[in-house]
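One letter stands for each residue in the lines below.
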Amino acid sequence: MSVIEPAARTALAGEERSLSGWGRTARSRSRVLSVRTVEDVVEFLASEARTGRGVIARGAARNYGDAAQNEGGDVLDMTRLNRIVSIDAERQLVRAQAGVTVGQLMARLAAQGLTLPVVPGTRHVTVAGAIASDIHGKNHHRDGGIARHVTSMSICTPAGGLAEVTPASDEELFYATLGGMGLTGVVLEATLAVEPLASPWVAADIDRTDGLAQTLDLMASEEHHRYSVAWLDLLASGSRMGRAVISQADPLPAEAVVPLRPRGRRAAAADCPATLRRGPLLDVPRGFPGALLRPGTMRAFNALNWRASPRRTRGRPLALAPYFFPLDALGEWNRLYGPAGLLQYQLVIPSGGEAELERCFEVIRRRRLPVYLAVFKRFGPAFGGPLSFPLAGWTLAADLPAGAPGLRPALEELDEIVAGAGGRVYLTKDVRLRSEMLAAMYPQLERFHAERARVDPEGLLRSDLGRRLGLCGELA
Ligand SMILES: Cc1cc2nc3c(=O)[nH]c(=O)nc-3n(C[C@H](O)[C@H](O)[C@H](O)COP(=O)(O)OP(=O)(O)OC[C@H]3O[C@@H](n4cnc5c(N)ncnc54)[C@H](O)[C@@H]3O)c2cc1C
């Protein structure tokens, strides 16, 4: 790998702060250093990081747990490295700095008739954060996760300094970084493959089901659409538990005519670059009393949402940005869960493990887990690094109040079923997995440790998540 020598020393401004992820649980104090230039990172890793405090990069802090914080150590805030370096429309490639957000990038690309092939459920994540978690979207069964679309990355490692890394130049580092949770190096820039944006609309087929069996049947049938996702009602009781609204969609071709009624609202939604730059319609205020969000309220809300959806509709035009990022309409919605915060449990169970998947739903039902929001979908084949989450099978993401009684043992019971089925939980959503479960869930763990030993032999890259799971050599 080609190594770029560090430039003259500059001191990074830092302040002690209490940090958490989106779930607002597991807070810890770190010294946060605001990165302004690539050289800041190169110099820091070459010198100050060796003080023994350890360091981890942090993007927009949309991970749900403790991945982007480092108790008693340093955290590099990468959000100011937010320049879109170049867009090559002919070769369909974009080069962006680590802290550029998906929303920023999509808005610029849309203005040139291009778009990102994979996006998560919020546009507020950074490019490097998306890479470090190897994020997936509603089209994983077709297009894989972001890892499939990264062609090159500029990565700074403690042992090697700054290098442009491709699968050809350093295959191990390249793949270990895709899903590597920031523990293989600091990503400074990345080149991603992009694709033409046919139109700012998708056409959605929507089906409403009455219970879990019907939902699983419908989701198991062959998928013909590019995007597919089910919203599940896991609070409904009896045979209605697991009823769903399943939406399967494809981009609308450019020539398709969308009836613009009511004109103003639809037309505004279709102005893709503008919608992507727009702020939320409403912000949840600080200090929101979590007690307002209770199982009873959420049960009623879910029932309303279910009833408001059509039983069956075909080809419904939906504006792209609200279709991909519905939760972004409500700013700081994590405050709805009050001071105790929220926890998201996301599992994947390989195809063929449908009996184990049903056992997971049984545990949720038997333990009366208050799953306020549940999203279910099918993944395509695995690709990416040893810590990448997706594998061909079924994924369920369940949002729960962190203070719910009996939560930990219930999730540990789920862990056992998931690991036994050859599945895993998503580390970027995790805040409580026990380190003993990690090797069962991530069988290529040794490959990850070997790569860390090569690029970070002194173990400078450290995070709370890494320590908790034994990923950076020190168990908490
Ligand atoms: C509402 C919501 C919806 C979501 N929907 C999805 C979804 O549909 N699919 C999905 O896959 N995920 C989803 N996520 C999770 C989210 O995409 C990931 O957690 C993502 O990694 C967050 O990026 P970030 O910029 O906020 O990074 P952070 O949360 O700040 O950090 C996440 C990880 O990236 C690392 N990292 C950050 N910057 C760098 C860097 N420059 N170099 C190296 N490592 C770095 C951190 O160390 C950390 O390990 C969702 C999250 C929320 C809040």
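The paragraphs below set out a description of the structure included in this document. (Residues numbered from 1 in each chain as written. Predicted model: local features only at pLDDT ≥ 70, side-chain atom pairs only at ≥ 80, totals over all residues. Heavy atoms only, no water.)

1. A few points about the side chain of serine 388
So the rule is basically this: Helical segments are the DSSP runs of H or I of at least four residues, strand segments are the runs of E of at least two, and each set is numbered from the N terminus. Classification of residues uses two cut-offs on accessible area relative to the type maximum, computed with a 1.4 Å probe and protein chains only: under 20% is buried, over 50% is exposed, and between them is partly exposed. Whether two residues touch is decided by their heavy atoms; if any such pair falls within 4.5 Å, the residues are in contact.
Of note, serine 388 is situated in the loop between strand E19 (373-379) and strand E20 (393-401). Given the relative accessible area of 4%, serine 388 is considered buried. Beyond its immediate sequence surroundings of up to four residues, serine 388 is in contact with Asp134, Leu178, Gly179, Phe383, Arg424 and Tyr442.

2. What to know about the pairing of strand E2 (residues 28-34)
Defined as follows: Think of it this way: DSSP has to see at least two bridges between two strands before they count as a pair.
Most of E2 is tucked away, with 5 of its 7 residues classed as buried. Examined bridge by bridge, strand E1 (residues 14-19) and E2 share 6 bridges and lie antiparallel to one another. Looking at the pairing, glutamate 16 lines up with arginine 31 of E2. Two elements, E2 and strand E4 (residues 74-77), share 4 bridges in a ladder whose sense is parallel.

3. Some words on unusual backbone geometry
Located in the positive-phi region is aspartate 134, a residue other than glycine, with phi close to 40 degrees. Relative to the helices and strands, aspartate 134 is located in the loop between helix H3 (127-132) and helix H4 (140-143). Notably, glutamate 332 is not glycine yet its phi reads approximately 50 degrees, a positive angle. Mapped onto the elements of the fold, glutamate 332 is located in the loop between strand E17 (330-331) and strand E18 (342-350).

4. Points about the pattern of salt bridges
Our working definition: Here, a salt bridge means any side-chain nitrogen of Lys or Arg that lies within 4 Å of a carboxyl oxygen of Asp or Glu.
A full pass over the atoms with the stated rule returns 28 salt bridges. Measuring nitrogen to oxygen at the nearest pair gives 2.7 Å for the salt bridge that ties arginine 454 to glutamate 451. Taken together, the residues arginine 454 and glutamate 451, both in helix H14 (residues 445-455) and 3 residues apart, mark about one turn of the helix. On the basis of relative accessible area, arginine 454 is assigned to the partly exposed category, the value being 42%. The network of salt bridges with common partners includes Asp66, Asp415, Asp430, Arg432 and Arg468.

5. A short note on the sheet that holds E4
To summarise the sheet geometry, strands pair through backbone hydrogen bonds and adopt either a parallel or an antiparallel arrangement. Keep this limit in mind: The axes used here are C-alpha line fits, helices contributing only the stretch in contact, and every angle between their N-to-C directions lies in the interval 0 to 180 degrees.
An order of E1-E2-E4-E3 is seen for the 4 strands of this open sheet, with the pairing classed as mixed. Each end of this open sheet is capped by a strand with a single partner; those strands are E1 and strand E3 (55-58). Each adjacent strand pair in this sheet contributes to an overall mean axis angle of 35 degrees, direction not counted. With 4 bridges connecting them, E3 and E4 associate as parallel partners. In the strand pairing of E4, valine 55 is matched with aspartate 74.

6. Things to note about the site of the ligand
Note the threshold: Here a residue is considered near a molecule or strand provided that any single heavy atom belonging to it is located within 4 Å of it. Polar contact criterion, stated in full: a pair of N or O atoms within 3.5 Å, where within protein one must be able to donate a hydrogen and the other to accept it, and residues adjacent in sequence count only if both atoms are side-chain atoms. Methods summary: accessible areas were calculated by the Shrake-Rupley approach with a probe of 1.4 Å, and residue burial reflects only the protein chains presented.
Around the ligand sit 34 residues, and of these Ala57, Gly59, Arg62, Thr126 and Tyr426 come closest. Within the backbone of alanine 57, a nitrogen or oxygen atom sits 2.7 Å from an oxygen atom of the ligand. Here an oxygen atom of the ligand sits 2.9 Å away from a polar atom, N or O, in the main chain of alanine 61. Coverage of the ligand by the protein chains reaches 96% of its 970 Å² of free accessible surface. Those elements that provide at least two residues to the shell around the ligand are E3, H3 and strand E10 (186-193).

None of the figures reported here should be taken as evidence of function without further support.
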